[in-house]
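Inside the fold
Now for the letters of each chain:
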Amino acid sequence: MASKKQTASKGSGKSTGKGAVVEKGPAAKKDAAKGDTKGGLSKSSAPANARRGRAVQVKQPKPWGLIWTFTGVGVVALGLIGAAVFVVWDRSQPPEGVTDFYGEYKNYSEVTAALQDGDIKEEDLENPWVVQQTHIDGEDPMAVPEYEITPPAGGNHLSQWQTCTGSVYDAPIMDGNAVHSLEHGAVWLTYDPALVDGDGIEVLAKKVEGRDFSLMSPYPEMGVAVSVQAWGVQYKTDDINDPKIDEFMDFYIQNADNAAEPGAQCANGLTTTTADQQMPTG
């Protein structure tokens, strides 16, 4: 008859023949799992964990499309900035070929500042008339000013300015009235009717019409097709399509440094011509 111990051994395991018992229950499986583990990792799971632990880096290609796009945008932006700076600088320079009568001074502002500071006297100027602004008909209503150059570009003048609101006159106007308009910052475009025909007159008129602080009139026996003048400066040409005409107007109309009487108006002036007045030009 078997003892209780032997009965227990049969119920729980099988003898190996050496007194050891092989467990077949849950505990045996748990122990087997522990026995197959090295350093806390099972042999079967070690390679998978190793693969998971290794960082794999994929080299991404550079976004050359975006790089070139932004580079192009930057180049265009710099170009626009440069062009804007050049335009500002260019508009600060008078057109080439302009004759100015200020001598060593750049413009009206500079020469009058030198006079006020006592650096120079009026009689020392090469062309003193650039700073002379007397209304000569103040005491003598019949007085007519005389000028050293034709058409005149400054100097003493008549008390009434010629309306210069993009005004085109079909007959000569009084020099003294036109010079008063120049004093206000206007540009006066003149043409020789013996050298410019009807079509040419129309071309020139389009440069003036509707443009404030400008006026145009014929000037007989001028000897050159076109002459444009502002206070103290003048440009002459035989080409009615000369781009310098427009450049002159763009630069000198209401030029703050060259207006002998800044802030004065061009409207409400004289609108008659010498044909209306039946008076000689003066």
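Structure first, text after, so check above.
Attention in this report is confined to the structure presented alongside it. The residue numbering used here restarts from 1 in each chain and proceeds along that chain's sequence as written. Side-chain atom pairs in this predicted model are given and counted only at pLDDT of 80 or more, local residue features only at pLDDT of at least 70, and totals for whole chains, interfaces and linings cover all residues. Side-chain numbers here rest on the full set of heavy atoms in the structure, without hydrogens or water.

A look at the overall build of the chain
Put simply, DSSP marks the helices as runs of H or I at least four residues long and the strands as runs of E at least two long, and each gets a number from the N terminus on. Helix and strand content of the chain: nine helices and ten strands. Residues counted as buried form 37% of the 282 residues belonging to the chain. In what follows, a contact means two residues having at least one pair of non-hydrogen atoms within 4.5 Å. Long-range pairs, those at least 24 residues apart, make up 69% of the contacts in the chain between residues at least 6 apart in sequence. The Shrake-Rupley method, run with a 1.4 Å probe sphere, supplies the accessible areas, and residue values consider only the shown protein chains as cover. In the form shown here, the chain has an accessible surface area of approximately 17400 Å², with 54% of it arising from carbon and sulfur atoms. Throughout this description, buried means an accessible area under 20% of the type-specific maximum (1.4 Å probe, protein chains only), exposed means over 50%, and partly exposed covers the range between.

As for empty space enclosed by the protein
Points on a 1 Å grid, built from protein atoms alone, make a cavity when a 1.4 Å probe fits but cannot get out and make a pocket when they are open with protein on both sides within 12 Å along at least 5 of 7 lines; residues with an atom within 4 Å of a point are the lining residues. Grid points are joined across faces, edges and corners, and a volume is the space filled by probe spheres set on the points. Scanning all chains against the criterion turns up one cavity of 30 Å³ or more. Each residue is assigned to one class: nonpolar for Ala, Val, Leu, Ile, Met, Phe, Trp, Tyr, Cys and Pro, charged for Asp, Glu, Lys and Arg, and polar for all the others, Gly among them. Tallied by class, residues from the lining of the largest cavity come to six nonpolar, three polar and no charged.

Overview of the sheet that holds strand β5 (residues 99–100)
One open sheet holds the six strands; their spatial order is β5-β10-β9-β7-β8-β6, and the pairing between them is mixed. The open sheet has two free edges, formed respectively by β5 and β6 (165–168), since each of these has just one partner strand. Relative to strand β9 (residues 226–230), strand β7 (residues 187–191) is paired through four bridges, and the arrangement is antiparallel. In the sheet register, Trp 188 faces β9, and the bridge partner there is Gln 229. Whenever a helix is involved, its axis is fitted only over the stretch in contact; in every case the axis is a line through C-alpha atoms, and angles between N-to-C directions fall within 0 to 180 degrees. Along the sheet face, helix α7 (residues 198–208) touches β6, β7, β8 (214–218) and β9 and points at about 160 degrees away from the line of β8. This element, helix α8 (residues 243–252), spans β7, β8, β9 and β10 (233–237) of the sheet and lies at about 165 degrees to β10. A pair of strands is treated as paired once DSSP finds two or more bridges between them.

A few points about the pairing of β7
Two faces, one strand: in a regular strand the side chains alternate between the faces of the sheet. The element β7 is largely enclosed, with a buried count of five among its five residues. Because side chains alternate across β7, one face comprises the buried residues Val 187, Leu 189 and Tyr 191, and the other comprises Trp 188 and Thr 190, equally buried. Looking at chain direction, β7 and β8 are connected through five bridges and run parallel. Note that in β8 the partner of Leu 189 across the bridge is Met 216. With its strands directed away from the observer, a crossover is right-handed exactly when the path from the first strand over the helix to the second travels clockwise. Crossover connection from β7 via α7 to parallel β8: handedness right-handed.

Structural notes on the pattern of salt bridges
Just to be clear on terms, a salt bridge is a Lys or Arg side-chain nitrogen sitting within 4 Å of an Asp or Glu carboxyl oxygen. Evaluation of the coordinates by the stated rule reveals two salt bridges. With a closest N to O distance of 2.9 Å, Asp 246 and Lys 207 form a salt bridge. Placement of Asp 246 in helix α8 and of Lys 207 in helix α7 is noted, with a sequence separation of 39 residues between them. Judged by relative accessible area, which is 29%, Asp 246 ranks as partly exposed. The buried category is assigned to Lys 207, whose relative accessible area is 15%. With a closest N to O distance of 2.6 Å, Arg 211 and Asp 250 form a salt bridge. A residue pair is termed long-range when its members are at least 10 positions apart, and Arg 211 in the loop between α7 and β8 and Asp 250 in helix α8 qualify at 39 residues. For Asp 250, a relative accessible area of 37% translates into the label partly exposed.

Things to note about the packing of aromatic side chains
Side-chain rings of Phe, Tyr and Trp (the six-membered ring for Trp) are treated as a pair once their centres are within 6.5 Å; stacked means planes under 30 degrees apart, edge-to-face means over 60, and tilted covers the remaining angles. Counted by the stated rule, this structure contains four aromatic pairs. Between Phe 248 and Tyr 252, the aromatic rings sit 4.7 Å apart at their centres with planes inclined by 45 degrees, giving tilted as the arrangement. Here the residue Phe 248 and the residue Tyr 252 both occupy positions in helix α8, the gap between them amounting to four residues, near one helical turn. Exposure class is identical for Phe 248 and Tyr 252. Each is buried.

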